[in-house]
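Results of the structural survey
One-letter residues, chain by chain:
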Amino acid sequence: MEIKTTIRKGINIVEITGNLDGNSAPQLQESAMPLIVPDGDLILDFSGCRYVSSAGLRVLLMIAKQLPAQGGQLALSGLLEEVKDVMDMTGFSHFFKIFETVEEAAAALTQARKK
Amino acid sequence: MPKAVFPAEMKNLESMIAFIREGAEKLDFDKMTLSQLHLACEEVLVNIINYAYPDKEGSIEINCKPGQEQLRIEIVDSGIPFRPLDIPEPDINLPLEERSPGGLGIFMMRKIMDQVSYTRDQGRNILTMAKGKQP
C-alpha cells in the first residue's frame, strides 16, 4: 500500500493506494496521526484502494473518533464497489461522510466550516 | 482436495490467500464475491496468526474443496481453543461514539459466508466455511 498526503486549501488529503489490510493498516495510522490536530479537516481518498479488512476499519474508527474531538472534520471519497460493500456491511457508512470525489468532499467540508 | 500448510506468520498471509484464490478459480466467482472471500479468509487467518499460538510457533492448514456450486474452505490450527461463533456480534446500528472495533472481522466473515461451522478435535480448531455462487 502507498500513502500520499497533500494539503489543498487547508484540507489534508490522504490518498490510499493498494490494500488496506493487517499488514498496511499501521502505516495508515502512522500517516494519519500527525494530521489529527485542532480544527484539522481530513479527506481519506480510497479511489486507489479495492480492499479494506477489519484492521483497516479499526484505524478508520480511531480517526473518526479522534478528529471531531479536536474540532476537525473527516470525509471519505472515491469508494470502489468492494470497499463500499465493507462499509455497508459493518454499518460504517451510517456515520462516515462519503463523497464520489475528493473535490466534492473538499467542497462539503469547506461549506460546513462556513456555517 | 488441494491442501497446504503454512507457518502461522503474517509474512505468509499473502501466500495463504493466493492458495485460496486458486481453489476458488474453478467456480468462476464474480469479482465482488472473490473480494469478499479474500476478506472472510483473511479475517480468520489473521486471528489465528495473532492469537492462536501465544507462546510458540505453529502452523495453519488450509483445505479447499471446490464443488460444482460452492467452495468449501477448511482452516485448521493447533492453537488455543477459539470458537469464532461465540464472539458476540457488534451492533452495527450504534452511533460512532459507541462503536468499538472488536469483533468486526469475525462478524464480516459470518456475513459473507453462507455456512460456517466450528469443531474442536484432538487439540485442533477446525473452521469450515462455504460460499456458493448464488447469493
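This text follows the structure it describes.
It should be emphasised that the depicted structure is a prediction, and the values quoted were computed from it without experimental measurement.

**Structural notes on the overall build of chain A**
The helix and strand inventory of chain A stands at five helices and five strands. Ordering the α and β elements of chain A from the N terminus gives β-β-α-β-α-β-α-α-β-α. Relative to the compact-globule value of 13 Å for 115 residues, chain A shows a C-alpha radius of gyration of 13 Å, a close match. For chain A, the spread of C-alpha atoms along the principal axes amounts to about 35 × 25 × 20 Å. Counting only residues that meet the buried cut, chain A has 51% of its 115 residues in that class. Looking at chain A alone, contacts between residues at least 24 apart form 72% of all its contacts between residues at least 6 apart. Roughly 5,200 Å² of accessible area belongs to chain A as shown, and the carbon and sulfur atoms make up 50% of that amount. Once the 11 positive and 14 negative side-chain charges of chain A are each reduced to a mean point, those two points are 8 Å apart.

**Remarks on the packing of helix α2 (residues 31-52) of chain B against helix α3 (residues 104-112) of chain B**
All names here are of chain B. Close contact between α2 and α3 brings their axes to 9 Å; oriented N to C, the two are set at 140°. As far as their axial angle goes, α3 and α2 are oblique. Considering the relative orientation of α2 and α3, their crossing is left-handed. Across from Q36, L37, L39, A40, E43, V44 and N47 in α2, the residues of α3 making contact are G105, I106, M108, M109 and I112.

**Thoughts on the nonpolar core**
Generally speaking, soluble globular proteins have nonpolar side chains that are buried together. Counting residues in each nonpolar core, the largest one holds 72 residues, and the members touching the most others are F46(A), L45(B), I62(B) and I73(B). No other element matches α2(B), which puts ten residues into this core. Sequence-distant contacts of I73(B), that is, excluding residues within four places in its chain, are made with I20(B), L37(B), C41(B), I62(B), N63(B), M113(B), L127(B), T128(B) and M129(B). I43(A), A75(A), V102(A) and A105(A) belong to the second largest nonpolar core, which has nine residues in total.

**Section: the environment of A8(B)**
Residues and elements named next belong to chain B. Along the chain, the position of A8 falls in the loop between β1 (3-7) and α1 (13-24). With 52 residues separating them along the chain, A8 and I60 place their C-alpha atoms 5.6 Å apart. Here A8 is in contact with I49, Y53, G58, S59 and I60, once residues within four sequence places are set aside.

**Quick notes on the interface of chain B and chain A**
At the interface, 24 residues of chain B touch 24 residues of chain A. Taken together, the two surfaces of chain B and chain A that pack against each other cover about 2,100 Å², and 64% of this comes from carbon and sulfur. When residues of chain B are sorted by the area they lose upon contact with chain A, M32(B), L96(B) and R99(B) head the list and together hold 27% of the total. The tally of links between chain B and chain A comes to zero salt bridges. Considering each element in turn, the side of chain B that touches chain A owes the most residues, eight residues, to α2(B). Classifying every residue of the side of chain B that touches chain A by side-chain character gives twelve nonpolar, six polar and six charged.

**Quick notes on helix α2 (residues 54-69) of chain A**
The end-to-end C-alpha distance of α2(A), which contains 16 residues, comes to 23 Å, matching closely the 22 Å that a straight helix rising 1.5 Å per residue would cover. Those residues of α2(A) that sit buried are S54(A), G56(A), L57(A), V59(A), L60(A), L61(A), M62(A), I63(A), A64(A) and L67(A).

Rules of the game
Residues numbered from 1 in each chain as written. Chains lettered and ligands numbered in written order. Predicted model: local features only at pLDDT ≥ 70, side-chain atom pairs only at ≥ 80, totals over all residues. Heavy atoms only, no water. Helix = DSSP H or I, 4+ residues; strand = E, 2+ residues; numbered from the N terminus. Rg over C-alpha atoms; globule rule 2.2 N^0.38 Å. Buried < 20%, exposed > 50% of the residue type's maximum accessible area, 1.4 Å probe, protein only. Contact = heavy atoms within 4.5 Å. Areas by Shrake-Rupley, 256 points an atom, 1.4 Å probe, with all protein chains shown as cover. Lys, Arg positive; Asp, Glu negative; His and termini not counted. Charge placed at Lys NZ, Arg CZ, Asp CG, Glu CD. Axes fitted to C-alpha atoms, helices over the stretch in contact; angles between N-to-C directions. Parallel < 35°, antiparallel > 145°, perpendicular 65-115°, else oblique. Left-handed = near helix turned anticlockwise from the far one by under 90°. Core = buried A, V, L, I, M, F, W, Y, C linked by side-chain atoms within 4.5 Å. Buried area = accessible area lost by both parts, 1.4 Å probe. Salt bridge = Lys/Arg side-chain N within 4 Å of Asp/Glu carboxyl O. Nonpolar A, V, L, I, M, F, W, Y, C, P; charged D, E, K, R; others polar. Expected span 1.5 Å × (residues − 1).

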